Amino acid sequence: MAHPDYLADLASTVYENLESQHDWTLLESHTHKQQQQSLPENKTLLPRPLITGLPPRRLYLHPDDQVELVKTHATYTVDETPEMEWVLPLHLNEKFTLKQIAEVFDSLELPEPLAEGRCKRLLMAIVHDDSTVVYYFVHDGIVKPRQN
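Residues numbered from 1 in each chain as written. Predicted model: local features only at pLDDT ≥ 70, side-chain atom pairs only at ≥ 80, totals over all residues. Heavy atoms only, no water.

1. Comments concerning the sheet that holds strand 1 (residues 25-32)
To keep it simple, the criterion reads: Here, a strand pair is defined by DSSP locating no fewer than two bridges between the strands. Segments assigned H or I by DSSP are reported as helices when at least four residues long, segments assigned E as strands when at least two residues long, and all are numbered from the N terminus. Each axis is a line fitted through C-alpha atoms, taken for helices only over the stretch in contact, and angles between the N-to-C directions span 0 to 180 degrees. Whether two residues are in contact is decided by their heavy atoms: any pair within 4.5 Å suffices.
An order of 1-2-3-4-5 is seen for the 5 strands of this open sheet, with the pairing classed as mixed. Strand pairing shows two members of the sheet lacking a second neighbour, strand 1 and strand 5 (133-139), which therefore form its edges. Strand-to-strand, the axes of this sheet are offset by a mean angle of 30 degrees, without reference to chain direction. One ladder, built from 7 bridges, connects strand 4 (residues 121-127) with strand 5; its direction is antiparallel. Bridge pairing in strand 5 places Leu 122 opposite Val 138. Set on the sheet, helix 1 (residues 5-21) makes contact with strand 1, strand 2 (45-54), strand 3 (85-91), strand 4 and strand 5; between it and strand 2 the angle comes to about 10 degrees. Together, strand 2, strand 3, strand 4 and strand 5 form the strand contacts of helix 3 (residues 98-107), whose direction differs from that of strand 2 by roughly 65 degrees.

2. Quick look at helix 1
It helps to recall that an α-helix has 3.6 residues per turn; residues three or four apart then point in one direction. Here is the rule we go by: A helix's residues, less one, multiplied by 1.5 Å, set its expected span. Burial here depends on accessible area, computed with a 1.4 Å probe over protein chains only, as a share of the maximum for the residue type. Under 20% is buried, over 50% is exposed, and the range in between is partly exposed. Directions from the helix axis toward the C-beta atoms define the arc.
Over its 17 residues, helix 1 runs 24 Å from end to end, which matches the ideal 24 Å to within 8%, given 1.5 Å per residue. Within helix 1, burial applies to Leu 7, Leu 10, Ala 11, Val 14, Asn 17 and Leu 18. Projection of helix 1 onto a plane perpendicular to its axis shows the buried side chains occupying an angular sector of 120 degrees, all on one side. Looking one or two places after helix 1, you find Asp 23, whose phi comes out positive at around 60 degrees.

Have a look at this one:
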């Protein structure tokens, strides 16, 4: 079983955008859960094609770190090492529900040694008909608002 072709095309558009416009590395497309001892024909299809990759710099600063930066007037140092990110490609005209987002979070598997936890955020890539891509963070659960 496979995803419809339009979902594969959407994932391809986002993959190319991340690679050529945003300088991401270690990009990988995912269509099935990665079960270590499963035969290819027994792999579970993900709810949507997903992408993982490494951005050139850290994309997300935890709200607690933001508060420390504000309190110490930027003398607080933050680790800028990039983290692997999950990316969910969507089309602007899609009706994507909270239930569908929850299904995506439920399907994500973290790499070792984080495998015991649950992925807490992903990057939603929304593609327009002209191939413009806009990125938004989506969190699993409630998160403190950003400090401005």
